[in-house]
Amino acid sequence: MCIRDRFLQKQVPILMTFKGWNFDILMGISAVFILLYLLLTKRKLSRAFILIWNLLGLLLLANIVIIGILSAPLPIQQLAFDQPNIAVLQFPFIFLPALLVPLVFLSHILTIKKFKNQNKSCLLYTSDAADERSSVDLGGRRIIKKKHSETPRKTKIESKNK
């Protein structure tokens, strides 16, 4: 409700509040519920859910960042001329664009990258394969070695001599 207070003090435009276009707040609220779900159920979220949630968070964050930039009293200001975004120019709100927003962007991007490139299946060592370390590769798959026959092969020179 800090944003609402900044709006009432005429430091941020209504566009940056929940009544405007700041739906990024929903991502923060949903993150708390997701954390509680994970802690209480001890279950994992699906790969698709994680990707969709992070993509949505990235889009909502990009939306509010663009609104924040276009409503700031800068030469490129396009929005909120009657009540510009001046809160981010003051302490402690300067930390929002300087630290918090880049950190959240990076978190979403790295999570998307991790889960996008992650294989859908996971190879695990089996108990008997773990005992035979020399015949198992790093993925836990058995390495089948060809057995050589007891009789030595004849070389080309030996075959020609006979």
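Residues numbered from 1 in each chain as written. Predicted model: local features only at pLDDT ≥ 70, side-chain atom pairs only at ≥ 80, totals over all residues. Heavy atoms only, no water.

## Quick word on the overall build of the chain
1) Next: Broken down by element type, the chain carries six helices and zero strands.
2) Next: Counted from the first residue to the last, the chain has its helices and strands arranged as α-α-α-α-α-α.
3) Next: Here the contacts in the chain between residues at least 6 apart in sequence split such that 51% fall between residues at least 24 apart.
4) Next: Roughly 13100 Å² of accessible area belongs to the chain as shown, and the carbon and sulfur atoms make up 67% of that amount. (Helix = DSSP H or I, 4+ residues; strand = E, 2+ residues; numbered from the N terminus. Contact = heavy atoms within 4.5 Å. Areas by Shrake-Rupley, 256 points an atom, 1.4 Å probe, with all protein chains shown as cover.)

## Describing the environment of Gln 9
1) Next: Turning to its location among the elements, Gln 9 is positioned in the loop between α1 (2-8) and α2 (24-41).
2) Next: Separated by 78 residues in sequence, Gln 9 and Ala 87 have C-alpha atoms that sit 9.5 Å apart.

## Points about α2
1) Next: Taking 1.5 Å as the rise per residue, α2 with 18 residues should run 26 Å; its terminal C-alpha atoms sit 26 Å apart, in good agreement.
2) Next: With its phi angle positive at about 60 degrees, Lys 42 sits one or two positions after the end of α2. (Expected span 1.5 Å × (residues − 1).)

## Side note on the packing of aromatic side chains
1) Next: What the rule picks out here adds up to one aromatic pair.
2) Next: Judged by centre distance (5.7 Å) and plane angle (75 degrees), the rings of Phe 91 and Phe 95 are edge-to-face. (Phe/Tyr/Trp six-rings, centres within 6.5 Å; stacked < 30°, edge-to-face > 60°.)

## As for the side chain of Asn 54
1) Next: Topologically, Asn 54 is positioned in helix α3 (residues 47-70).
2) Next: Owing to a relative accessible area of 5%, Asn 54 belongs among the buried residues under this scheme.
3) Next: Looking at Asn 54, its side chain comes within polar contact range of the side chain of His 108, at 2.8 Å.
4) Next: If sequence neighbours within four positions are ignored, Asn 54 has contacts with His 108, Thr 111 and Ile 112. (Buried < 20%, exposed > 50% of the residue type's maximum accessible area, 1.4 Å probe, protein only. Polar contact = N/O pair within 3.5 Å; in protein donor to acceptor, adjacent residues only side chain to side chain.)

## Thoughts on unusual backbone geometry
1) Next: In the segment running from Phe 91 into Pro 92, the intervening peptide bond is cis, with an omega of 0 degrees.
2) Next: Relative to the elements of secondary structure, Pro 92 occurs in the loop between α3 and α4 (95-117).
3) Next: Although it is not a glycine, Lys 42 sits at a positive phi angle of roughly 60 degrees.
4) Next: Looking at the element boundaries, Lys 42 is found in the loop between α2 and α3.

## Details of the confidence of the model for the chain
1) Next: Across the chain, the average pLDDT comes to 78, with 72% of residues at 70 or higher.
2) Next: pLDDT under 50 marks residues 121-125. Its contacts with residues more than four places away, or in other chains, come to eight contacts. (pLDDT = per-residue confidence, 0-100.)

## Details of the environment of Cys 2
1) Next: In this fold, Cys 2 is placed in helix α1.
2) Next: On the basis of relative accessible area, Cys 2 is assigned to the partly exposed category, the value being 39%.
3) Next: Expressed as a C-alpha distance, the spacing of Cys 2 and Thr 17, which sit 15 residues apart in the sequence, is 9.7 Å.

## Comments concerning the nonpolar core
Generally speaking, soluble globular proteins have nonpolar side chains that are buried together.
1) Next: The biggest cluster of nonpolar side chains holds five residues, and these are Ile 50, Leu 51, Leu 58, Ile 112 and Phe 115.
2) Next: No other element matches the three residues that α3 contributes to this core.
3) Next: If sequence neighbours within four positions are ignored, Phe 115 has contacts with Arg 47, Ile 50 and Leu 51. (Core = buried A, V, L, I, M, F, W, Y, C linked by side-chain atoms within 4.5 Å.)

## Quick notes on α4
1) Next: Here α4 spans 32 Å end to end across 23 residues, near enough to the 33 Å set by a 1.5 Å rise per residue.
2) Next: Remark: the principal bend of α4, roughly 30 degrees, maps to Val 101, with a proline, Pro 102, within the next four residues.
3) Next: Along α4, the residues classified as buried are His 108, Ile 112 and Phe 115.
4) Next: The elements touched by buried residues of α4 are α3. (Bend = angle between axes of the 7 residues up to and from the residue.)

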